[in-house]
Amino acid sequence: MSEALQGATAEEVADVDPEADELVAETEEESGDAPVERSGDDLLVREGDIAGDYLERLLDLLDYDGDIDLDVEAGRAVVSIDGGDDLEKLVGPRGSVLESLQELTRLAVQQETGVRSRLMLDIAGWRQARRNELAELGRSAAEEAVRTGEQVKLQAMTPFERKVVHDAVAAVQGAHSESEGEEPRRRVVVFSKA
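First, a word on scope: everything that follows refers to the structure included in this document. (Residues numbered from 1 in each chain as written. Predicted model: local features only at pLDDT ≥ 70, side-chain atom pairs only at ≥ 80, totals over all residues. Heavy atoms only, no water.)

## Comments concerning the overall build of the protein
Working step 1: Within the protein, the regular secondary structure consists of six helices and six strands.
Working step 2: In sequence order, the protein lays out its α and β elements as α-α-α-β-β-α-β-α-β-α-β-β.
Working step 3: Looking at the 194 residues of the protein, the share that counts as buried comes to 33%.
Working step 4: In the protein, of all internal contacts separated by at least 6 residues, the share reaching a separation of at least 24 is 55%.
Working step 5: As displayed, the protein has an accessible area near 12,100 Å², and 47% of this comes from carbon and sulfur atoms. (Helix = DSSP H or I, 4+ residues; strand = E, 2+ residues; numbered from the N terminus. Buried < 20%, exposed > 50% of the residue type's maximum accessible area, 1.4 Å probe, protein only. Contact = heavy atoms within 4.5 Å. Areas by Shrake-Rupley, 256 points an atom, 1.4 Å probe, with all protein chains shown as cover.)

Structure follows, in structure tokens:
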């Protein structure tokens, strides 16, 4: 192997020399190392790292303070930004700025990895607080639908918000929910099963 390629990763070597896969396999056999498989969690951790770097640069440009926390939950990378006084500005009304930043961050990750990301971004704990609020809304709407036998139509929501409500309704015996309408006016309707 040339001195220029020593210490390079298998992917870097393969980019330089198409026959490098054979060389990497021979080297692994000689060293006793097994080929390294990239698991889904490895990709999610990489997505989180890319997103964290992207968001850190954004915070620096805005001159905002915030601590970035990276995690993997339920098969998706989760990035949280907490601790800064100005972070509520990055959430916006009903999370609209947060949703836009999440989409931009997903695109930055996709540009680096070549894979569409399902990354979830939370800023200043807004998404978790909203999740709790929506779960309570879904539970109370389901209880009302069961008690009255009438459907309960909720306000228009984002896909994230509708998912939380559907999950909360599913936990109430005798109730079910469906989404109706077109984006951005898509809403949850809760029914009694009886």
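Having seen it, we continue.
## Some details on helix α6 (residues 159–170)
Working step 1: Between its terminal C-alpha atoms α6 stretches 16 Å, which fits the 16 Å expected from twelve residues at 1.5 Å a residue.
Working step 2: All of the buried residues in α6 are F160, E161, R162, V164, V165, H166, A168 and V169.
Working step 3: Buried residues in α6 make contact with β3 (120–123), α5 (126–148), β4 (152–156), β5 (175–180) and β6 (187–192). (Expected span 1.5 Å × (residues − 1).)

## Here's the deal with the packing of aromatic side chains
Working step 1: Scanning the entire structure with this criterion turns up zero aromatic pairs.
Working step 2: Taking the ring centre of F160 as reference, the NZ or CZ of R127 above it sits at 4.8 Å. (Phe/Tyr/Trp six-rings, centres within 6.5 Å; stacked < 30°, edge-to-face > 60°. Lys NZ or Arg CZ within 6 Å of the ring centre and 35° of its normal.)

## Here's the deal with the sheet that holds β5
Working step 1: Ordered in space as β4-β6-β5, the three strands form an open sheet in which the pairing is antiparallel. Single-partner strands in this sheet number two, and they are β4 and β5. Adjacent strand axes in the sheet meet at a mean angle of 20° when their direction is disregarded.
Working step 2: Taken together, the three bridges between β4 and β6 define a ladder with antiparallel strand orientation. Its bridge partner lying in β6, K153 is registered against V189.
Working step 3: Of the strands in this sheet, β4, β5 and β6 are in contact with α6, which crosses β5 at around 160°. (Pairing = 2+ DSSP bridges. Axes fitted to C-alpha atoms, helices over the stretch in contact; angles between N-to-C directions.)

## A closer look at the environment of K89
Working step 1: Note on placement: K89 falls in the loop between β2 (76–82) and α4 (96–113).
Working step 2: As for K89 and I123, which are separated by 34 residues in sequence, their C-alpha atoms are 9.7 Å apart.
Working step 3: Excluding residues within four positions of it along the chain, K89 makes contact with Y64 and V97.

## Re the pairing of β3
A regular strand places its side chains so that they alternate between the two faces of the sheet.
Working step 1: Neither face of β3 is open: one carries M120 and D122, the other L121 and I123, and all of them are buried.
Working step 2: In this sheet, β3 lies alongside β2 in parallel orientation, the contact comprising four bridges. Paired with V79 across the strands is L121, a residue of β3.
Working step 3: The parallel pair β2 and β3, bridged by α4, forms a crossover whose chirality is right-handed. (Right-handed = clockwise from strand over helix to strand, strands pointing away.)

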